[in-house]
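Given next are the chains, with one letter for each unit.
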Amino acid sequence: MTLHTPKIADASGRPVIRQLDEAAINRIAAGEVVERPASAVKELVENALDAGASRISIDYTDGGKTLIRVTDDGCGMTAADLPLALSRHATSKIDGSDLLNIRSFGFRGEALPSLGAVGRLTLTSRAAGQDAAQITCHGSRLSPVKPAALTRGTVVELRDLFHATPARLKFLRTDRAEAQAIHEVVKRLAMAEPTVGFTLSEIGADGPRTLLRLDPEQGDLFDALHRRLTRLIGADFTANALRIEAERDGLALLGYAALPTYSRGSSAQQYLFVNGRPVTDRLLLGALRAAYFDFLSRDRHPAAVLNLIVDPERVDVNVHPAKAEVRFREPDAARSLIITALRTALSGAGHRASTTVASETLAAFRPESPRPAQATLAQAFAFQSPAPAHGFAPGFAEAPAARVALADPLPQAPEPAAQHPLGAARAQLHENWIVAQTADGLVIVDQHAAHERLVYERLKRQLAETGIARQPLLIPEIVTLSPSDAALILSAAPALAEAGLVVEPFGGSAVALTETPAILGPVNGVALLRDILDELAEGGHSALTRARIDAVLSRMACHGSVRSGRQMRPEEMNALLREMEATPGSGQCNHGRPTYVELKLADIEKLFGRR
């Protein structure tokens, strides 16, 4: 039902069609374009980028509610251009003949008039070889153009946003939340244009405070982007990100994607662009998620900065009021490129895991007691240093040497540890952790998680190549289920048979497990079927897609892997390490957790205060 609308009827009660005035039209348009202060910043910074600016400065007050000022050194405008720039649908970006060949951020000509309709806008600009000029727009009313003082470029100053529509102010969030949204907008645009300098400042009672200063980056695209991302996201991301560069069917994908073990608890570090335009497109986000399907659990999210380059005529950017979404002419080609490029890069990373895992491990080891003074440490190390070459130090000639006896020590590996990235096994702790020595440190491996990943990769490889080898059970396992669960598992029986698991009806709501994948060895059939039922239920339907089959294989791998609590012989541990080195994606288990932690000798020495 609609609300009572007394303003649209005449004396007879019949609704009357009216032509809205220009001010009302602009305020309505502003409602689509300018949702909050961050939306205004986005439109103004995009205009500066379209003007060819190499440096852009953004200042704001009270979260952008009372002041937004954007200054650029772009091409500027002449005095004759200023009134036209504040007219609706007037733009220098397109000529109107081809709306599918858009190569700029803006193209509608709505931003400036919309801002002038809901705020107090002042536009000052100077084109090369021309005098500077200024114009103001308050509530869609333009002032005469007057001379101004400006060296070059354009300054757009917006004060008292939504003063013409005060009801909109009630829907804005706190100054801090709006300021954070402005920071996020600037950060995304700075990623899109690493060769442009950005300065973001907050003007408070104590004067301006610089929040972000980014100088233009030099070098090729990847080097410039790498340095810009280090400044914006952090060195941890760039140290654990893979370079993405792929091209197919006229589409190109460029950027960086983080290792699975660098996963986040939310999607906050997913930055996607189409031809340099920041977007939050569901197709692209879904493709990113699908690419990491094999590596992350459902509650973890990949981190990535990706730019999809496509012919402008093959993508429609005019489908969203804020231009945050796009529509592809061939959406399957875009999705396929993202998934293939990311999976290829992740496979090429081999067993590599995030360096943040080691940092977190070292942080957990560090004692909470204060570190001794450097002089005290130096004296202690001098005391612990090896004896002089001519003999024992005075006073220790008669002291008995301390000795430690190891119970059943592991034999030393015949090959040098430096030959292998994961080193040579030296011990097994608590029947679950393998300790290996590398050339410059040590590696601790979770034997269950590592073997689970290896079994999973083997199952996938067999399924893709020759089919998964099955082993008949001498005595089939009979599992009694609820009628709904029995119907669900039997509806998926053909696909499960391809995955090496043969399930047959056994009367009533019971099923018989007659064959299992040979690679798993002896398994608990009841527990395995229960896990697979959970996976089918989470999928929401009985039809098994390839992604769902992979998820079932992942559940199987957990049942067929080396269990915690099992003692392993040295040759078994070394064989596990060698297979990890040769298997892509073995740096994390099927749920995205790391399978090993590598600690460098230098870090261990820092832990004990030796550095």
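Each remark here, short or long, concerns the structure printed above.
Read on for an overview of the structure. (Residues numbered from 1 in each chain as written. Predicted model: local features only at pLDDT ≥ 70, side-chain atom pairs only at ≥ 80, totals over all residues. Heavy atoms only, no water.)

As a further point, take the sheet that holds strand β22 (residues 510-517). On the basis of which strands lie adjacent, the open sheet formed by three strands has the order β20-β22-β21 and antiparallel pairing. The open sheet is flanked by β20 (470-480) and β21 (502-505), the only strands paired with a single partner. Put simply, the sheet's adjacent strands are angled 20° from each other on average, direction ignored. Pairing geometry for β20 and β22, over seven bridges, is antiparallel. If you follow P472 over to β22, its bridge partner there is E515. On the sheet, helix α13 (residues 483-491) packs against β21 and β22 and is oriented at approximately 130° with respect to β21. (Pairing = 2+ DSSP bridges. Helix = DSSP H or I, 4+ residues; strand = E, 2+ residues; numbered from the N terminus. Axes fitted to C-alpha atoms, helices over the stretch in contact; angles between N-to-C directions. Contact = heavy atoms within 4.5 Å.)

Burial analysis of helix α4 (residues 111-118) places eight of its eight residues in the buried class, the great majority of the element. If you check which residues of α4 are buried, you get A111, L112, P113, S114, L115, G116, A117 and V118. (Buried < 20%, exposed > 50% of the residue type's maximum accessible area, 1.4 Å probe, protein only.)

A sheet is described by the order of its strands in space; here four strands give the open sequence β17-β18-β19-β23, paired in antiparallel fashion. Two strands in the sheet have a free side with no partner beyond their single neighbour: β17 (424-429) and β23 (596-600). Neighbouring strand axes in the sheet, compared pairwise and without regard to direction, differ in orientation by 20° on average. When strand β18 (residues 433-438) meets strand β19 (residues 441-446), the two strands line up antiparallel, connected through six bridges. Bridge pairing in β19 links V435 to I444. Contacts from helix α12 (residues 447-465) reach β17, β18 and β19 within the one sheet, and its direction differs from that of β19 by about 70°. Set on the sheet, helix α17 (residues 570-582) makes contact with β17, β18, β19 and β23; between it and β17 the angle comes to about 120°.

With that out of the way, let us pick up the side chain of T122. Looking at the element boundaries, T122 is found in strand β3 (residues 120-126). Given a relative accessible area of 17%, T122 falls into the buried group. Those residues in contact with T122 that sit more than four places away from it in its chain are Q134, I135, T136, V155, V156 and E157.

Right, let's talk about the pairing of strand β9 (residues 207-214) for a bit. Two strands pair when backbone bridges link them, and strand β8 (residues 197-204) and β9 are joined in this way by seven bridges, in the antiparallel orientation. Of the residues in β9, the one forming a bridge with L200 is L212.

A few words now on the pairing of strand β2 (residues 67-72). Note that strand β1 (residues 55-61) and β2 share six bridges and pair antiparallel. Note that in β2 the partner of Y60 across the bridge is I68. Taking the residues between adjacent antiparallel strands as the criterion, β1 and β2 are bridged by five residues, where D62 takes a positive phi near 55°. By the bridge criterion, six bridges tie β2 to strand β7 (residues 153-159) in an arrangement that is antiparallel. When the bridges of β7 are listed, R69 appears paired with E157.

Glancing now at the packing of aromatic side chains. Following the criterion strictly, the structure yields two aromatic pairs and no others. The residue whose ring lies beneath R243 is F222, and the NZ or CZ to ring-centre distance is 3.8 Å. (Phe/Tyr/Trp six-rings, centres within 6.5 Å; stacked < 30°, edge-to-face > 60°. Lys NZ or Arg CZ within 6 Å of the ring centre and 35° of its normal.)

Bringing α17 into the picture now. The end-to-end C-alpha distance of α17, which contains 13 residues, comes to 19 Å, matching closely the 18 Å that a straight helix rising 1.5 Å per residue would cover. Of the positions making up α17, those classed as buried are E572, M573, N574, L576, L577, M580 and E581. Looking at the buried positions of α17, the neighbouring elements they touch are β17, β18, β19, α12 and β23. (Expected span 1.5 Å × (residues − 1).)

What follows is about the packing of helix α5 (residues 175-192) against helix α6 (residues 221-232). The contact between α5 and α6 brings their axes to 9 Å, and the two run at 165°. Considered as vectors, α5 and α6 are oriented roughly antiparallel to each other. The crossing of α5 and α6 is left-handed. Two secondary-structure elements touch here, α5 through K187, A190 and M191 and α6 through L225, R228, L229 and L232. Residue composition of the contact of α5 with α6, grouped by class: five nonpolar, no polar and two charged. (Parallel < 35°, antiparallel > 145°, perpendicular 65-115°, else oblique. Left-handed = near helix turned anticlockwise from the far one by under 90°. Nonpolar A, V, L, I, M, F, W, Y, C, P; charged D, E, K, R; others polar.)

This paragraph deals with empty space enclosed by the protein. With the rule as written, the count across this model stands at two cavities of 30 Å³ or more. There is about 40 Å³ of room inside the largest cavity. For the lining of the largest cavity, a count of residues per class yields five nonpolar, four polar and one charged. Of the voids in this model, the second largest cavity is the one considered here, and its volume is about 30 Å³. If you list the elements that add at least two residues to the lining of the second largest cavity, you get β12 (270-274) and β14 (304-309). Ranked by the residues each element gives to the lining of the second largest cavity, the list is headed by β14, at three residues. (1 Å grid on protein atoms, 1.4 Å probe; cavity = no way out; pocket = protein on both sides within 12 Å on 5 of 7 lines; lining within 4 Å. Points joined across faces, edges and corners; volume = space filled by probe spheres on them.)

No statement about biological role is implied by the geometric values presented.
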